[in-house]
Each structure stands twice: as structure tokens, then as C-alpha cells.
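Architecture at a glance
Here is how the chains run, residue by residue.
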Amino acid sequence: MKQFIQDLAETNRYQATNLLRILREVQARFHYIPEEAIEQIAGLLNISRTQIISVVDFYSFFHSTPRGQYELLISDSITDHMLGKQSIIDYLSDKLNVAVGEVREDGVVSLDNTSCTGMCDQGPAGLVNGYALTRLDRPRIDQITDLINQQKPLDQWPAELFLVEDNIRRPTLLLDQPIQPGAALKALFERGGSETLAEITQSGLRGRGGAGYHTAWKWHLCYEGPEEDAFCDIDAQKQQQRYIVCNADEGEPGTFKDRVLLNSYAHQVFEGMTLCAGIIGAQQGFLYLRGEYLHLCDKLQSVLEERRQAGLLGNNILKEGLNFDIEICLGAGAYICGEESALIESLEGKMGIPRNRPPYPVTQGYLGKPTVVNNVETFMAAASIAINGGDWFASVGTEKSKGTKILSICGDCSRPGIYEYPFGTSIQTVLNDCGASDVLGIQIGGPSGTFISNHEFDRKLAFEDLATGGSFIVFNKSRNILDIVNNFTHFFAHESCGFCTPCRVGTALLKKQLDKIIGGHGSAGDVVVLEELCQLVKSYSHCGLGQTAANPILTTLERYPDLYQSRLKEISYEPGFDLDGALETARRMANRNDAGAHLAQIEANEHE
Amino acid sequence: MANKIRVATTSLAGCFGCHMSFLDIDERMLQLAEAVEFGRSPINDIEHCTDCDIGLIEGGVCNSENVHVLREFRKNCKILVAVGACAINGGVPALRNYIPLEECLSEAYLDGIGVENPQIPSDPELPLLLDKVRPIHEVVKIDYFLPGCPPSADVFWKFLTDLIDGREPSLPYELVHYD
């Protein structure tokens, strides 16, 4: 192990910013991060042991105790559940003879749940040693069980197990006209940097991650850098190191468009990043790819290599004097890293804890330098705009939301997949296209977004009405809203980064209170308490995760108050846990079973 | 005197620190006594809680007796108040929640250093321990919460005088600000 880690540190130039990269390798090789490895890495990177331990603890894909040689994780997204996830994991657990959350005694295999893996249109899905598995069903599980019991190396597993489909159903503006590699950069050099930025301003392009910040403003602010730089002379300002980051940490349950864009439009995404570098003067870019998309990594590396060969990346791009290269960084299972400042922390090899903002990344981002962080789709759109011009893009969409939005549609519809729509399209149109009928409601923008009921289908996709980063989950009338809300609420409690109390404690309390109500232990005041808790978590949390964690409850409580009330008992109060059960251990140890050794769940005069 | 407001107090899994802090209202106790009379409370040794207006509960719920006492208070008090960190969150006694009850009892009564005649106490008179110490609002409905470890005398004073004067109790930030 010593030599392995020594070599690893050397390949990573002993840089602490590469800690995640190093830990990923150690985890892959030893199936956990051994204590000795932590000691050694701490010495080699000259960082503290505890800093490494905090990172190991923080990310779901790192473990301080051994996992199986085959680490199986099953996606716990609501969409996987709708496709039969529970019976799949039960069957798997049974076949492999390992409990969920455990490692089999022989150490060969471990099984656990994981947050949405972004295969919502082809689930139930999972990961084996980080590689995506799709369309899990009983025959596939039988096959996987055999492969694991024979201890076949992953590269000898049949490829169809790992087949990930694009499912592009409705390509229009962007998806229909992919650019030729290099075309956007040629347009940039012909037109000039500030003129190209003017085209992007003209296009009205706003960030596609969901928040909708104007892309051109962001790029311009990054170019300007921190205020103090304005007093430097022009040459010094040009020397300023700037970074471009493409946020491909697509963790919002129900979103998978970036996976498809990176699989089939990677050139265009990289070209968008390079375009931005040309405009603002950056030399280094990063693609922060979520760990769940490990299967894309090799392919993306070869696209980058192709681009270097073609003179579209590296030194002196297209002989125009632009120097820029892109590095791919893999995440390690943390939803919070989709938040841009948490993502930057993660890029720096740390826990993904959101920073205080301001300062925003545009002035102080990666390593404290001005950094543009944009969504995959944003860079892709920017590349098309550079070629076709701002008016081309702005002619589509609404007044405040220009262009198109790429949606990942999944759930109860006959044609799940990728759809591109002009902003302003009504929800009903989308539902007709994807083959959804008997619809109960739709979760737009993922768990952190909004649940809309079937009375609201005339609403529009747009920043001014229903904004979404791309997630669009359809539920038909056979679904239970409280099950959905429960899944989302548990998701947030699991993904809270733990930094601020309102979110760390609040999301756990939300989960507990909701479980109490759904479990039938709720009484008169419990929904009010739930609502107050929601407001508290929403208003006091440090970042977007906590601020939106209560949305599933709030948006459904607003629309279906009776649903919650109907779960309540008509008594003033009932404990949310089994009171008599809580005495079981003491009863057993004291060897008692008299009347005094028991407690009624509800007081005698409280019965309904 | 029949119109005096009746207040009951008790300490469950607490340290009586909140009660001590309550007594720190010092001479204001005389003023309070003009408006208030006490029902069950360690202050007067009355054993059962009968009809009261306000019940003040210190400490969390660690055993079956705590549950019975808490229910008696809930049944007989119009307003029930969680007083102090232990009642609100479990506090110090809840530190045992991280250790399985079985281990706690074994350490105390069977395998611990210096244990003679090892046996788990078993007598119908003894309350049984719950597997976890709970905040009181997980067992009965609580109307108000007074934070602090302990809440200061001024918190008690402000809260009770608000209620006595018929105002909705509110604690200014200075009284619940601890860092």
C-alpha cells in the first residue's frame, strides 16, 4: 500500500487540491480508506490527518471501514421507487445473502442505498464500484449475482448491464443543430471577445442550473474581477488568474439531461467553456463531474484529447494565442456539491460546505481567484449563440426567459427522456408529448422545486413562472403524495452537509415530524408544528439546500391540506414513538412484566 | 384569594437547577405570592397535581414514572411549559442515548468496577428506564418552551408575569441569548 500511495501522491504532484482524486483511487483499490493511508497521505500532502478524515466522512462514496470488493449501491430516488426499486433491492439482498447497509461476511459484496443516480428514465438503477447499472430487474440481478459470486472482474461483465441510453425525444434549437467542433471558437476570434460577449448579452441567456443568473453578467463580472483589481494597470489585470468551472454535479433527483449532453454533445460543452475562457481570459477550466457519472469519464477524457490534437484546447488555441485546458474532477457522492461554492470547496479537495456569499465565485472562487461556474447546458447554449448570434437565441422563449430549456422527463409517462422546449411552453403541452395521462401532479425542478397539482397545467415553463434546472417528474393518480414528500424529505435530511444547525437539525426534525404524521401518530397540533418547522428551516438555513428542503412539504401542504389533516388522530396528543416498546430492554433485564412495567401509548381518557 | 393563579412545578430527569434558578427571583417571590399559589411542587411537597393553571416541567423523560408524572401534569394544567435544556432537548441525561441501555445497566449493576452482588434491580416499586431519554414534547403536548441551562430568574419572572397579566408571553432576545 505504501508504494501505491506514494505513486499516487506523486502523480497528483503532492497537491492538497487533488485530495478527492487520491481518495477515490484509494477507495477503488482497497474498498475503504485505511487509517494508515490517511496518515501517509497527510504526510505527503502536508495537510492534517483530521482534514482528510473530515473529507472521508463527508462524501458518501468514501468509507472508513471496508466495503465489499463489489460495492453495490441502489438508487433511492422516487423515480426508482416508482419503477419497483424496493422489490429489486429486497430480491438482491436475498439473492446475494447480504442485508442492506452491510458487507457480506466473506467481504466479497456490500449492498446499500444511494441518492438518485440520474438514470430516472431507465431505472431501477444502481452503481457497482461506481459504474452505472440500469434497468435492474430479476433476470439482471440473477446475472449480477452470478458474476459477483464467480468474482468476475467488472471489465468482463456483459456490456448491456452498463448500457446507458440517451433517450432524446424532442430535439429543437440546441439539440437539433450541434455545432462543428471549433466553429464557436472561430466565430469568437473573428468577431472579437467583447463583441461575442455582447451577442451573449443580446441572447438573454440565463443560467440553466435553475437559479437563472444572466450568463453574460456573470462572465463580465468575472472578467472585471474583484474591485481592488480595477486599480491595477491593464497588464496586471490581464495576468490575473481566472478559472472556468462547468458544474456537472447533476444531483437533483429526477435530473439527467447533463448526462446526455456530456455523452452526446461533449464537444459543444467543452467549446462553450473554451469560449468563455477566450472572452474572460482564463487558462484553466474544470469539469466537475458527479461521481455517479464515472462511466462517462473515459469518453470525456478522449474528447478532451481529440480537442487538444485539433488545436481546440491547450496552448495557442487555433493559433490565436489563447491558452486554456480543461481537467475533469470527479465528485464522490454529495448533492450539496451542486451548490457552486460547495463545488469549489470540493474542487480544492475539501468538504463540500457552501461558503458565505458574497464574495461570489465571480470575484473569489477557486483558490480565491475569479471563477465562472456555469451549468453544462449553459456552456452548450453559449457555444451555439457564439455561432448563430444573440438574436437567433432571443427570438425563442418569453420576455424574461430566452431560448429553450432542456428537460429530463421521467415518472409516470410512456416516453421518458430528454425534451427541449422553448421557454413559455405550457405544462399541458409537455404532458401530451411525453405520453402522460391520468396525472395527479408534477414535481418541477426536483425535490427543491415545486409540486404542482393537475389544476395548474396551464402554467408555463419559464423563470417568471415555473423555473427548473431540468427535473420534471410526472405522478399519476395511483401515487400517494405523502410517499413522495416522505422520500424527498428523507433525501434532504441525508444530504444536509451538517454545517449549519437550522439545516442539520431542522431537516432531521422535518423527517421525524413527517414520519410521525404519516405513521398515524399525529394529533391535533402536529401539522401546525410541521409547518412552523418548515418556515424555520427555510428562513434560517445557510444555503439553498436548507432553504428549499421544506419545499416538498410546503408546496403539498398548500395544495392538499386535507391530506395531512386526514392522517391526524382526534386526540390532543400522541407520542411519535412506541412508549411501551421503549421499556422493553429494561423490562427484560429486570425480568419484570407486572402492570407497572408497561405504559399505554395514549392516556386512558385520551382514546378516540 | 380564590382567584389566585395556581402553579405546579416538577423536576423529571433534571438536576433541580431550573428550580434553583426560579428561586433566584429572590424578593420578587413575595410579589409573585400575591398573585399565585402553588400546587404540586418540590417547594411545598404537595404530592399530586390537581387543577392548575400553569405547570412548569424541568428535565426530560427518562423512565416510566416520568411519563406518569408528566401525564398527570398535562391532565391537570391548562398551560404546560417545558423549562430548560433538558425538558426541551433531553440535555445532559440524554447523553446516555448514544450508549445502548443494556450496556448502561450492565455497567452500573453487573460488570462495573466495584459492583458487589451484581444484579439488575427488579422491584415493582421501581420505575423502568426508557431506552432513550426524551424531550417532554415527544410525550405530551407542550404549550411553551423556556430555553436555557438554566433559564435565568428573569426569564421565569417575565414569562410568569406576562401570563398573570393576561399577555401572550414573549421573551426579549437579551433573555434568551447565550453566547
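Remember, predicted model here, so these are calculated numbers, not experimental data. (Residues numbered from 1 in each chain as written. Chains lettered and ligands numbered in written order. Predicted model: local features only at pLDDT ≥ 70, side-chain atom pairs only at ≥ 80, totals over all residues. Heavy atoms only, no water.)

1. Considering the overall build of chain A
Along the backbone of chain A there are 25 helices and 16 strands. The C-alpha atoms of chain A give 25 Å as radius of gyration, which agrees with the globular expectation for 608 residues (25 Å, within 12%). Within chain A, the fraction of its 608 residues that count as buried is 58%. Of the contacts made within chain A by residues no fewer than 6 positions apart, 72% connect residues no fewer than 24 positions apart. (Helix = DSSP H or I, 4+ residues; strand = E, 2+ residues; numbered from the N terminus. Rg over C-alpha atoms; globule rule 2.2 N^0.38 Å. Buried < 20%, exposed > 50% of the residue type's maximum accessible area, 1.4 Å probe, protein only. Contact = heavy atoms within 4.5 Å.)

2. Here's the deal with the overall build of chain B
Across its full length, chain B carries six helices and seven strands. For chain B, the α and β elements follow one another from N to C terminus as β-α-α-β-β-β-α-β-α-α-β-β-α. With the C-alpha coordinates of chain B rotated into their principal frame, the extents come out at 55 × 40 × 30 Å. Of all 179 residues assigned to chain B, the portion counted as buried reaches 46%. In chain B, of all internal contacts separated by at least 6 residues, the share reaching a separation of at least 24 is 77%. Of the roughly 9,400 Å² of accessible surface on chain B, 55% is carried by carbon and sulfur atoms. (Areas by Shrake-Rupley, 256 points an atom, 1.4 Å probe, with all protein chains shown as cover.)

3. Topic: the environment of Gly-60 of chain B
Residues and elements named next belong to chain B. Take Gly-60: it is sitting in the loop between strand S3 (52-58) and strand S4 (61-63). Classification of Gly-60 by relative accessible area gives buried; the value is 0%. The contact partners of Gly-60, leaving out residues within four places of it in the chain, are Leu-12, Ala-13, Asn-66, Cys-86, Ala-87, Arg-134 and Ile-136.

4. Some points on the side chain of Ser-203 of chain A
Residues and elements named next belong to chain A. Its location among the elements puts Ser-203 in helix H9 (residues 193-203). The class of Ser-203 is buried, set by a relative accessible area of 0%. Here the side chain of Ser-203 touches Leu-205 through a polar contact of 3.1 Å, landing on its backbone nitrogen. Apart from the residues within four sequence positions on either side, Ser-203 is in contact with Ile-385, Gly-390, Phe-393, Ala-394 and Lys-402. (Polar contact = N/O pair within 3.5 Å; in protein donor to acceptor, adjacent residues only side chain to side chain.)

5. Details of the sheet that holds strand S13 (residues 417-422) of chain A
Residue and element names in this part refer to chain A. With mixed pairing, the six strands of this open sheet are ordered in space as S6-S13-S12-S16-S14-S15. The sheet is open, and its two edges are formed by strand S6 (168-170) and strand S15 (450-453), each paired on a single side. If you compare each strand with its neighbour and ignore which way they point, the axes differ by 30 degrees on average. Here five bridges tie strand S14 (residues 439-444) to strand S16 (residues 471-476), and the two strands are oriented antiparallel to one another. In the strand pairing of S16, Ile-442 is matched with Val-474. (Pairing = 2+ DSSP bridges. Axes fitted to C-alpha atoms, helices over the stretch in contact; angles between N-to-C directions.)

6. Quick notes on the interface of chain A and chain B
With 26 residues of chain A at the interface, the matching set in chain B holds 25 residues. Taking both sides of the interface into account, the surface hidden between chain A and chain B amounts to around 2,200 Å²; carbon and sulfur atoms contribute 61%. Taken together, the connections running from chain A to chain B amount to two salt bridges. One salt bridge in this structure joins Lys-512 of chain A and Glu-138 of chain B, with 2.6 Å as the shortest N-O distance. There are nine residue pairs in polar contact (both at pLDDT 80 or more) connecting chain A and chain B. (Buried area = accessible area lost by both parts, 1.4 Å probe. Salt bridge = Lys/Arg side-chain N within 4 Å of Asp/Glu carboxyl O.)

7. Comments concerning the pattern of salt bridges
As enumerated under the stated definition, the model contains 46 salt bridges over all chains in all. Here Asp-142 of chain A ties to Lys-95 of chain A by a salt bridge, and the two come within 3.4 Å at their closest N and O atoms. Here Lys-95 of chain A lies in helix H6 (residues 85-96) and Asp-142 of chain A lies in helix H7 (residues 138-149), a separation of 47 residues in the sequence. Given a relative accessible area of 25%, Asp-142 of chain A falls into the partly exposed group. For Lys-95 of chain A, a relative accessible area of 37% corresponds to the partly exposed category. Between Asp-162 of chain B and Lys-158 of chain B there is a salt bridge, with its nearest N and O atoms 2.8 Å apart. Of this pair, Asp-162 of chain B and Lys-158 of chain B both sit in helix H6 (residues 153-164), four residues apart, which is roughly one turn of that helix. Relative accessible area serves as the criterion here: at 24%, Lys-158 of chain B is assigned to the partly exposed category.

8. Considering a nonpolar patch on the surface
On the surface, a nonpolar cluster with roughly 490 Å² of combined accessible area is contributed by Val-92, Leu-95, Tyr-98 and Ile-99 of chain B. Relative to the helices and strands, Tyr-98 of chain B resides in the loop between helix H4 (84-89) and helix H5 (101-111). (Patch = residues over 30% accessible without salt bridge, like charges linked within 9 Å, V, L, I, M, F, W, Y side chains within 5 Å.)

9. Quick look at the nonpolar core
One recurring pattern in soluble globular proteins: nonpolar side chains tend to sit buried together. Counting 93 residues, the largest nonpolar core has Trp-219 and Leu-289 of chain A as its most contacted members. Among the elements that make up this core, the one with the highest residue count is helix H13 (residues 266-280) of chain A (nine residues). (Core = buried A, V, L, I, M, F, W, Y, C linked by side-chain atoms within 4.5 Å.)

10. With respect to the packing of H13 of chain A against helix H16 (residues 376-388) of chain A
All names here are of chain A. Contact geometry for H13 and H16: axes closest at 7 Å, N-to-C directions at 75 degrees. Taken as axis vectors, H13 and H16 run roughly perpendicular relative to one another. Note on element contacts: H16 touches H13 through Val-376, Phe-379, Met-380, Ala-382, Ala-383, Ser-384 and Ala-386, opposite Gln-268, Val-269, Glu-271, Gly-272, Met-273, Leu-275 and Cys-276. Broken down by class, the residue content of the contact of H13 with H16 amounts to 10 nonpolar, three polar and one charged. (Parallel < 35°, antiparallel > 145°, perpendicular 65-115°, else oblique. Nonpolar A, V, L, I, M, F, W, Y, C, P; charged D, E, K, R; others polar.)

11. Quick word on the domain arrangement of chain A
Note on interface size: it is often stated as the accessible area lost on association of the parts. Residues and elements named next belong to chain A. Per the domain assignment, the segments making up chain A are domain 1 (2-58), domain 2 (70-165), domain 3 (170-394), domain 4 (404-479) and domain 5 (482-565). Its C-alpha centre places domain 1 at a distance of 28 Å from the equivalent point of domain 3. Buried area between domain 1 and domain 3, summed over both chains or domains, comes out near 1,100 Å², and the portion from carbon and sulfur atoms is 56%. Where domain 1 touches domain 3, the interface holds one salt bridge. Between Arg-21 and Glu-327 there is a salt bridge, and its shortest N-O distance comes to 2.7 Å. At the junction of domain 1 with domain 3, the criterion picks out two residue pairs in polar contact (both at pLDDT 80 or more). Counting only elements with at least two residues in the side of domain 1 that touches domain 3, the list comes to helix H2 (19-30) and helix H4 (49-58). (Domains from an automatic or database assignment.)

12. Some remarks on the packing of aromatic side chains
Residues and elements named next belong to chain A. Taken as a whole and assessed by the stated rule, the structure comprises 21 aromatic pairs over all chains. Seen from their ring centres, Tyr-213 and Trp-217 are 6.1 Å apart, and the 80 degrees between their planes marks the pair as edge-to-face. Here Tyr-213 falls in the partly exposed class, since its relative accessible area comes to 39%. A ring pair is formed by Tyr-419 and Tyr-421, whose centres lie 6.3 Å apart and whose planes are at 0 degrees; its orientation type is stacked. Like Tyr-419, the residue Tyr-421 is buried in the burial classification. It is Arg-206 that lies over the ring of Phe-463; its NZ or CZ is 4.2 Å from the centre. (Phe/Tyr/Trp six-rings, centres within 6.5 Å; stacked < 30°, edge-to-face > 60°. Lys NZ or Arg CZ within 6 Å of the ring centre and 35° of its normal.)

13. Focus: the sheet that holds strand S8 (residues 284-289) of chain A
Note on sheets: strands pair through backbone hydrogen bonds, and any given pair is parallel or antiparallel. Residues and elements named next belong to chain A. Judged by pairing direction, the sheet is mixed, and its five strands sit side by side in the order S9-S10-S8-S7-S11 without closing on themselves. Pairing within the sheet leaves two strands with one partner each, and these edge strands are strand S9 (314-317) and strand S11 (371-375). Each neighbouring strand pair of the sheet contributes to a mean axis angle of 25 degrees, computed without reference to strand direction.

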